[in-house]
Protein chains: 2
Amino acid sequence: MICRLIIADDHVLFNDAIKTMLEQEQGIEVVGQVFSGEKVLAAVKREEPDLILLDIKMPGMTGIEVAGAIRDCYPGIRIMILSMYDDKRFVQECKKYNVHGYMLKNASREELVNGIWTVMEGRPYYAAGLGEKVNIHQQDDFIRRYNLTKRELEIIRLVKENYTAQDIADRLFLSVYTVETHRRNINLKLGIKNTLALVKFAEDNEI
Amino acid sequence: MICRLIIADDHVLFNDAIKTMLEQEQGIEVVGQVFSGEKVLAAVKREEPDLILLDIKMPGMTGIEVAGAIRDCYPGIRIMILSMYDDKRFVQECKKYNVHGYMLKNASREELVNGIWTVMEGRPYYAAGLGEKVNIHQQDDFIRRYNLTKRELEIIRLVKENYTAQDIADRLFLSVYTVETHRRNINLKLGIKNTLALVKFAEDNEI
DNA sequence: ATAGAAATACCGACTTGTCGGTATTTCCCC
DNA sequence: GGGGAAATACCGACAAGTCGGTATTTCTAT
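Residues numbered from 1 in each chain as written. Chains lettered and ligands numbered in written order. Predicted model: local features only at pLDDT ≥ 70, side-chain atom pairs only at ≥ 80, totals over all residues. Heavy atoms only, no water.

1. Things to note about the overall build of chain A
Okay, step 1: Within chain A, the regular secondary structure consists of ten helices and six strands.
Okay, step 2: At 21 Å, chain A has a C-alpha radius of gyration far larger than the 17 Å of a compact globule built from 207 residues.
Okay, step 3: By its C-alpha atoms, chain A is 65 × 30 × 30 Å across when sized along the principal axes.
Okay, step 4: Each of the 207 residues in chain A was classed as buried or not, and the buried ones make up 49%. (Helix = DSSP H or I, 4+ residues; strand = E, 2+ residues; numbered from the N terminus. Rg over C-alpha atoms; globule rule 2.2 N^0.38 Å. Buried < 20%, exposed > 50% of the residue type's maximum accessible area, 1.4 Å probe, protein only.)

Right, dumping it as structure tokens:
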């Protein structure tokens, strides 16, 4: 089997390096390189590749948007997301859009090539330990590390989404007092002084 | 001239791909690959390379920390930062630490190779339009787009760093009232309701 | 030189967050 | 089934942010 593919990644060096690497593989031919989301569709039209290696964060359109567009216009073309982010939401969204594969940028060369051929054979390729499981695991780790409870974690997530204590109380059918108590306990456990610090902490720990 | 180098980047695929790419270059030899900040020093000790390609964001130690340690122990070894981020602070810090080069991951293959040889010849290599100039440009764009003033931008940056209005007032030798007035005007111009939203806005727009 | 923008400053009122203490109920493990 | 953790709830006090209005001084560009 031969795989004609396009690489879509705005990091030129990464894009080039992957190209160089894949050109050494038997049966893989890099027929195009693009460096922004908008240009993917034009390149696909021009080359009609078998597969697209697609970064998520690109200027213009995100990889997930591009994937949706390609699925609609060219259902035969395989799509492999190539992302830095092992993010539950991204992975879930990809599954929702029927993206064929999701590979992390800290995969090895062998994994990438295996993934490409897996997807080419029509099977989905989602790297082991990707998405939900990992996140649940991380969540457990986090709870243990800081002695947080489930409720506290739930409230951290809502605080991060910029809900006020009152908002959270309404949403969870609690008293504002309760929410504030939880927040106080959270701050105590994490050694935090204010909302902003909590949000940054949560983002740093990818809650 | 021959350049024996180590690649330090936690994204395995990128690391491998760069290795593959550089191995095709005359005179460049990849003598080591590491995937975390802590392991760089051991590899340096083992291989005593001429140059290190160093990512900034790595688990364990940041590239900038590593650079400092290497400069102290092995002043002869050239360091080239290879980062995604065209961030003023990173670039300034690298200059402060006398890092020899700073290359963006969206450079081209030619640029990378040129940069490596430039640094090998003892000259600094900081990609064109890097650091201050670029940031000033971005800053101007931002000011124009949202009709912000310099003072307002200054205050946004401090708010982002989790300073309270009082802190900012102390720092800039202003009255709290003044700072609050600025903040109100900022919120008005950006259509923002609270501190957290402002911080997120600032982060999204890379202020 | 002068008009308009920017920066500075203040007041009062209200909201939201932080922190101290305290107390009851609910749930789960041994 | 009993004990401890978790979740729920309240009060008061103070700190910080939000918002309305207003006013003076300092730049700056025409």
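Further notes follow.
2. Concerning the protein's contact with DNA strand C
Okay, step 1: Within the structure, DNA strand C sits among 17 residues, and Arg184, Asn194 and Thr195 of chain A together with Thr149 and Arg151 of chain B are positioned closest to it.
Okay, step 2: Backbone atoms, meaning sugar plus phosphate, form 59% of the atoms of DNA strand C positioned within 4 Å of the protein.
Okay, step 3: At 2.7 Å from a phosphate oxygen of DNA strand C is found a main-chain nitrogen or oxygen belonging to Thr195 of chain A.
Okay, step 4: Measuring from a base nitrogen of DNA strand C, one finds a side-chain N or O atom of Thr181 of chain B at 3.4 Å.
Okay, step 5: Secondary-structure elements contributing two or more residues to the surface near DNA strand C are helix H9 (176–190) of chain A together with helix H7 (150–160) and helix H9 (176–190) of chain B.
Okay, step 6: Within the surface near DNA strand C, the residues separate by chemical class into three nonpolar, eight polar and six charged. (Near = heavy atom within 4 Å. Polar contact = N/O pair within 3.5 Å; in protein donor to acceptor, adjacent residues only side chain to side chain. Nonpolar A, V, L, I, M, F, W, Y, C, P; charged D, E, K, R; others polar.)

3. Concerning the relation of the copies chain B and chain A
Okay, step 1: Note on the identical chains: chain B maps onto chain A by a rotation of 180° and an axial translation of 0.2 Å, with an RMSD of 0.8 Å. As the rotation angle and translation indicate, the two copies are arranged about a two-fold axis. Looking at the rotation axis and the C-alpha trace of chain B, the residue lying nearest is Ala17 of chain B, at 2.3 Å.
Okay, step 2: In this assembly the copies share their binding face: 100% of the residues contributing to the interface of chain B also contribute to that of chain A. (Least-squares fit on C-alpha atoms with pLDDT ≥ 70 in both. Contact = heavy atoms within 4.5 Å.)

4. Considerations on the interface of chain B and chain A
Okay, step 1: Facing the 31 residues of chain B at the interface are 31 residues of chain A.
Okay, step 2: Among the residues chain B hides against chain A, the three largest losses belong to Leu13, Asn162 and Leu196 of chain B. Together they make up 26% of the total.
Okay, step 3: Here chain B and chain A share twelve residue pairs in polar contact (both at pLDDT 80 or more) between them.
Okay, step 4: Every element with two or more residues in the side of chain B that touches chain A is listed here: helix H1 (12–23), helix H5 (109–120), H7 and helix H10 (195–204) of chain B.
Okay, step 5: For the side of chain B that touches chain A, the element with the most residues is H1 of chain B, which contributes eight residues.
Okay, step 6: Of the residues belonging to the side of chain B that touches chain A, the class tally is 15 nonpolar, eight polar and eight charged. (Buried area = accessible area lost by both parts, 1.4 Å probe.)

5. Points about the sheet that holds strand S2 (residues 28–34) of chain B
Residues and elements named next belong to chain B.
Okay, step 1: Ordered by their spatial adjacency, six strands build an open sheet running S2-S1-S3-S4-S5-S6, and the pairing between neighbours is parallel. Bordering the open sheet on either side are S2 and strand S6 (125–126), each of which pairs with just one other strand.
Okay, step 2: Sheet topology places strand S5 (residues 101–104) next to S6; two bridges connect them, and they run parallel. Paired with Gly101 across the bridge in S6 is Tyr125.
Okay, step 3: Contacts from helix H3 (residues 63–73) reach strand S3 (51–54) and strand S4 (78–83) within the one sheet, and its direction differs from that of S3 by about 165°. (Pairing = 2+ DSSP bridges. Axes fitted to C-alpha atoms, helices over the stretch in contact; angles between N-to-C directions.)

6. Points about the protein's contact with DNA strand D
Okay, step 1: Close contacts around DNA strand D come from 17 residues, with Thr149, Arg151 and Ser175 of chain A together with Asn194 and Thr195 of chain B the closest.
Okay, step 2: For DNA strand D, the backbone makes up 58% of the atoms found within 4 Å of the protein, where backbone means sugar plus phosphate.
Okay, step 3: Measuring from a phosphate oxygen of DNA strand D, one finds a side-chain N or O atom of Thr149 of chain A at 2.3 Å.
Okay, step 4: Here Thr195 of chain B contributes a backbone N or O atom positioned 2.8 Å from a phosphate oxygen of DNA strand D.
Okay, step 5: Going through the elements one at a time, helix H7 (150–160) and H9 of chain A together with H9 of chain B are the ones with two or more residues in the surface near DNA strand D.
Okay, step 6: Classifying every residue of the surface near DNA strand D by side-chain character gives three nonpolar, eight polar and six charged.

7. As for the nonpolar core
Okay, step 1: Among the nonpolar cores identified, the biggest contains 50 residues, and Leu5, Leu22, Leu53 and Ile116 of chain A together with Leu5, Leu22 and Leu53 of chain B are the most heavily contacted of them.
Okay, step 2: Contact partners of Leu22 of chain A, with chain neighbours within four places excluded, come to Leu5, Ile28, Val30, Leu53, Leu112, Val113 and Ile116 of chain A.
Okay, step 3: The next biggest cluster of nonpolar side chains, apart from the first, holds 40 residues, and it includes Ile168 and Ile192 of chain A together with Leu153 and Leu172 of chain B. (Core = buried A, V, L, I, M, F, W, Y, C linked by side-chain atoms within 4.5 Å.)

8. A short note on the domain arrangement of chain A
Interface size is commonly expressed as the accessible area that is lost once the parts come together.
Okay, step 1: Once the domains are mapped, chain A shows domain 1 (3–130) and domain 2 (133–204).
Okay, step 2: Here the C-alpha centre of domain 2 of chain A lies 35 Å away from the C-alpha centre of domain 1 of chain A. (Domains from an automatic or database assignment.)

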